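One-letter residues, chain by chain:
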Amino acid sequence: MSRYQTAGRHAQAAEATGEEAAIHRAAQDRPALAHALVTLGSNLLNAGEPERAVVPARESVELYQALKNLGGFNWALQSLERIGVVLSARQPFEYTVPRPYTVEASFPPGGPLATLSRNDNHMEVFAVDTDGRMWTSWWWHGTWEGSFLLAGHSFLPGAHVAALTRNDDHMEVFAVDGAGRVWGNYWHGEWRGWFELPGHLFPPGAPLAVMSRNEDHMEVWGVDGDGKVWGNYWNGEWQGWFEIPGHLFPAAAHLVSLTRNDDHMELYAVDGQRRLYACAWGGEWGQWAAIGSYEFPPGSPLGGISRHEEHLEVFGIDKDGQFRANWWDGDNWHEWVPIGTRLFEPGSPLTTVSRHEDHMEVFVVDTQGQTWGNYWDSEDWHEWYEIRAQRPFAGPAHLATLTRDDDHMEVFGIGGSGKRTAGWYMDGNWNDWFLLPAATTPLPDEEIPPGEERIFTLGKEIWVYSTVGMRLPLYCSEARLVCRQDGSWQFNAFMRNTETDGDCSFDLYLRLHDVSRPFDFRLSGELGAPGDKEAAQLGRLTQGFLPEARFQEEGHYDALTDQAFFREVFTCSATFTIPPPGWSSYITPPTEDPE
């Protein structure tokens, strides 16, 4: 290879380096592979093939980043930068500022939604808007970060969503589209796109039940148009739809699923004769059997809780509007018992949660839009209580709940305004209802006021690296870029830190509309908590990555442990170069996004 390089035979040098990289990849020698990929990119660039050079050069940056090799990381980044300069020169263009104007999505009032929590510092809420688009809002380390559109497939307005998590680094959502097909999408560092679970059809928008018994298993169930229950499971790959025979239910009936341990699953639904039936799996599916004698509206919503391996609990609102519970104690199911004296609309949606083994909580919205809760604290169910006096709902509404730890619960619903609403309980008290971040999407071009395209929102488009090539926990929840009348750019960002120790050395990296590149910038303004009179004063002009900006003075870093505000952080000349479209495929931030 070196002989080819010396002789200027760069194409042959690239071919030899490619073979070397393949050998190191097969041997899983990551340091040697990273080195070979940098060299391969340089050889391809010298051979006049910068488009091909981008792929190995980008991979080398990511490898050195993962290896925490600062020298290699800088070397690989410089090589990638050289490739980008050549590409920019080959493809001159005019950069257009992205459309700034957005419209807020609307959700069907009282419609269904789904929630999950991957760990103590995370919550996620999913819902389908009135245009059939699925959105998620997420909470991370104390802050609701925003809304994200799971683009790529559409559903019926207000379609049911089912969500699960297999481990701290994975989420999965499922829904039935307008053609009756089941689609899934999963997050593993980022959302990977919609995929179909083919082989069987269900009523459009029908509710699904989902479950993960362990990290290597997922299960999805639904009731089809003939009233049959069908399931599909994943144990490394999806196995295809199968019927759980023996009983029929109303088309698109609500199913509830429970698991007591890794080797057990249960399904529950109300049939056309108003009886609640259950079916259990303990290696194979058993027979459907009725639970108790009370009658519920056919196919009506249910709730379920398993507090420990020897206990199951099922809830429903019967045909007379009485909220009832039944439980399995390790041997037998009991008779249905009433919960409180208040009556609700028969078959109203309900939600349940258990914060620990000795506590259960149930929630429902009445016909007047008031949210009610009741709880069991190891002895008895209590009387119903109001969750605040506010009434964000117009009538009976779907609710979703979750718990992150023993002392926390959260309840979500879509209010009468079509906006997603949340109420949260912490340390024994319910707090006021509040709105989740708005779900916004760009307006069509014809609806944007003329001459106003030069101000737009970036969202979480700033990424922070430390001077040793490692990602710092400093995230931007809101950002805005403005092209001012004098032609300069002003960048405002609202940022926060999620850790409380370590220094605050960092490099700043800005993405513009899916275009990633270091560029000339000036760092100025204040760093600190909003209103902090002793915030650090910053000012520095640099090119590319900022090599050093330390805030180790007492109090300055502490301010970052809460929400911190960078005001006029970047002021860039109007002449800085943005590479052509597609640079996002050349340089991208690491995958450890908090969302």
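Residues numbered from 1 in each chain as written. Predicted model: local features only at pLDDT ≥ 70, side-chain atom pairs only at ≥ 80, totals over all residues. Heavy atoms only, no water.

Undergrad: Just to check I follow, could you spell out the confidence of the model for the chain for this structure?
TA: Note that predicted coordinates carrying low pLDDT should not be read in detail. Residue-level pLDDT values for the chain average 75, and 69% of them are 70 or greater. Every residue in residues 91–100 is under pLDDT 50, and counting partners more than four places away or in other chains gives 24 contacts. Counted against residues more than four places away or in other chains, residues 450–595, with its pLDDT under 50, gives 342 contacts. (pLDDT = per-residue confidence, 0-100. Contact = heavy atoms within 4.5 Å.)

Undergrad: Could you clarify how one ought to interpret the packing of aromatic side chains in this entry?
TA: Two descriptors summarise a pair of aromatic rings, namely the distance from one centre to the other and the angle between the planes of the rings. Under the defined criterion, the tally for this structure stands at 19 aromatic pairs. Between Phe249 and Trp288, the aromatic rings sit 5.0 Å apart at their centres with planes inclined by 65°, giving edge-to-face as the arrangement. With Phe249 in the loop between strand 13 (242–244) and strand 14 (256–258) and Trp288 in the loop between strand 16 (276–281) and strand 17 (289–290), this pair connects stretches of sequence that are 39 residues apart. Grouping aromatic residues by their ring pairs yields a cluster made of Phe315, Phe323, Phe344, Trp381 and Trp384. In this structure, Arg342 packs its charged tip against the face of Trp372, placed 3.6 Å from the ring centre. (Phe/Tyr/Trp six-rings, centres within 6.5 Å; stacked < 30°, edge-to-face > 60°. Helix = DSSP H or I, 4+ residues; strand = E, 2+ residues; numbered from the N terminus. Lys NZ or Arg CZ within 6 Å of the ring centre and 35° of its normal.)

Undergrad: When you look at the pairing of strand 7 (residues 170–176) in this model, what are you seeing that I'm missing?
TA: Regular strands place side chains that alternate from one sheet face to the opposite one. In terms of burial, strand 7 is largely enclosed, as seven of its seven residues are buried. Burial along strand 7 is two-sided: His170, Glu172, Phe174 and Val176 and Met171, Val173 and Ala175, pointing in opposite directions, are all buried. Examined bridge by bridge, strand 6 (residues 162–167) and strand 7 share four bridges and lie antiparallel to one another. Residue pairing for strand 7: Asn167 is matched across the bridge by His170. In this antiparallel pair of consecutive strands, strand 6 and strand 7, the connection spans two residues. (Buried < 20%, exposed > 50% of the residue type's maximum accessible area, 1.4 Å probe, protein only. Pairing = 2+ DSSP bridges.)

Undergrad: It is not clear to me how helix 2 (residues 10–26) should be interpreted in this structure. Could you clarify?
TA: With 17 residues, helix 2 should cover 24 Å at 1.5 Å per step; its first-to-last C-alpha distance of 24 Å lies within 8% of that length. Three or more residues of helix 2 are buried, namely Ala13, Ala14, Thr17, Ala21 and His24. The arc that holds every buried residue of helix 2, seen down its axis, measures 95°, which confines them to one face. For helix 2, the exposed residues set more than 90 degrees away from the buried face come down to Glu15, Ile23 and Ala26. (Expected span 1.5 Å × (residues − 1). Arc of directions from axis to C-beta.)

Undergrad: What am I meant to see in the packing of helix 3 (residues 30–46) against helix 4 (residues 50–67) here?
TA: Relative orientation and spacing of two packed helices are given, respectively, by the angle between their axes and the distance between those axes. Contact geometry for helix 3 and helix 4: axes closest at 8 Å, N-to-C directions at 155°. Put simply, helix 3 runs roughly antiparallel to helix 4. The hand of the helix 3/helix 4 crossing is left-handed. Contacts between helix 3 and helix 4 involve Arg30, Pro31, Leu33, Ala34, His35, Leu37, Val38, Leu40, Gly41, Leu44 and Leu45 on the former and, on the latter, Pro50, Arg52, Ala53, Pro56, Ala57, Glu59, Ser60, Leu63, Tyr64, Ala66 and Leu67. Among the residues making up the contact of helix 3 with helix 4, the classes are represented as 16 nonpolar, three polar and three charged. (Axes fitted to C-alpha atoms, helices over the stretch in contact; angles between N-to-C directions. Parallel < 35°, antiparallel > 145°, perpendicular 65-115°, else oblique. Left-handed = near helix turned anticlockwise from the far one by under 90°. Nonpolar A, V, L, I, M, F, W, Y, C, P; charged D, E, K, R; others polar.)

Undergrad: So what exactly am I meant to see when it comes to the sheet that holds strand 16 here?
TA: Strand pairing in a sheet is mediated by backbone hydrogen bonds. Such pairs are either parallel or antiparallel. Spatially, the four strands line up as an open sheet ordered 14-15-16-17, and their pairing is antiparallel. This sheet does not close on itself; its edge strands, each paired only once, are strand 14 and strand 17. In terms of strand pairing, strand 15 (residues 265–270) meets strand 16 through six bridges, oriented antiparallel. Bridge pairing in strand 16 places Glu266 opposite Ala280.

Undergrad: Can you walk me through the nonpolar core in this structure?
TA: Across soluble globular proteins, nonpolar side chains show a tendency to be buried alongside one another. Core analysis: the largest hydrophobic core is formed by 21 residues, its most contacted members being Leu37, Val61, Tyr64 and Ile83. Counting only elements with at least two residues in this core, the list comes to helix 2, helix 3, helix 4 and helix 5 (70–90). Tallying contributions element by element places helix 3 first for this core, with eight residues. Not counting chain neighbours up to four residues away, the residues in contact with Tyr64 comprise Pro31, Ala34, His35, Val38, Asn69, Gly72, Phe73, Trp75 and Ala76. (Core = buried A, V, L, I, M, F, W, Y, C linked by side-chain atoms within 4.5 Å.)

Undergrad: How do you make sense of the sheet that holds strand 21 (residues 337–343) when you look at a structure like this?
TA: Here we have four strands laid out as an open sheet, ordered 18-19-20-21, and antiparallel in their pairing. The open sheet has two edge strands, strand 18 (303–305) and strand 21, and neither has a second partner. Averaged over neighbouring strand pairs, the angle between their axes works out to 15° when direction is ignored. The pairing of strand 19 (residues 312–317) with strand 20 (residues 322–328) spans six bridges and is classified as antiparallel. Looking across to strand 20, one finds that Leu312 is bridged to Trp328.

Undergrad: What is the right way to read the pairing of strand 15 from this model?
TA: Burial analysis of strand 15 places six of its six residues in the buried class, which makes it a mostly covered element. In this structure, strand 14 lies alongside strand 15, joined through three bridges in antiparallel fashion. Looking at the pairing, Val256 lines up with Tyr268 of strand 15. In textbook terms, the turn of a hairpin is the stretch between consecutive antiparallel strands, and for strand 14 and strand 15 this stretch comprises six residues. The hairpin formed by strand 15 and strand 16 contains five residues between the paired strands, and Arg274 there has a positive phi angle of roughly 75°.

Undergrad: Looking at this structure, how should I read the side chain of Thr136?
TA: When you line up the elements, Thr136 lands in strand 4 (residues 134–140). Classification of Thr136 as buried rests on a relative accessible area of 0%. Setting aside residues up to four positions removed in sequence, Thr136 forms contacts with Glu124, Val125, Phe126, Gly146, Ser147, Phe148, Leu150, Trp191 and Arg420.

Undergrad: Help me understand helix 3, please; the structure alone is not making it clear to me.
TA: Given 3.6 residues per helical turn, the α-helix brings residues three or four places apart onto the same face. Relative to the 24 Å expected for 17 residues at 1.5 Å per residue, helix 3 spans 24 Å between its end C-alpha atoms, a close match to the ideal helical length. Along helix 3, 13 of the 17 residues are buried, which leaves the element largely enclosed by surrounding structure. The N-cap residue of helix 3 is Asp29: its side-chain oxygen and the backbone nitrogen of Ala32 are 3.3 Å apart. The first or second residue beyond helix 3 is Gly48, which carries a positive phi of 80°. (Polar contact = N/O pair within 3.5 Å; in protein donor to acceptor, adjacent residues only side chain to side chain.)

Undergrad: When you look at the environment of Glu145 in this model, what are you seeing that I'm missing?
TA: Take Glu145: it is sitting in strand 5 (residues 143–149). In this structure the C-alpha to C-alpha distance between Glu145 and Leu436, which are 291 residues apart in sequence, comes to 9.2 Å.

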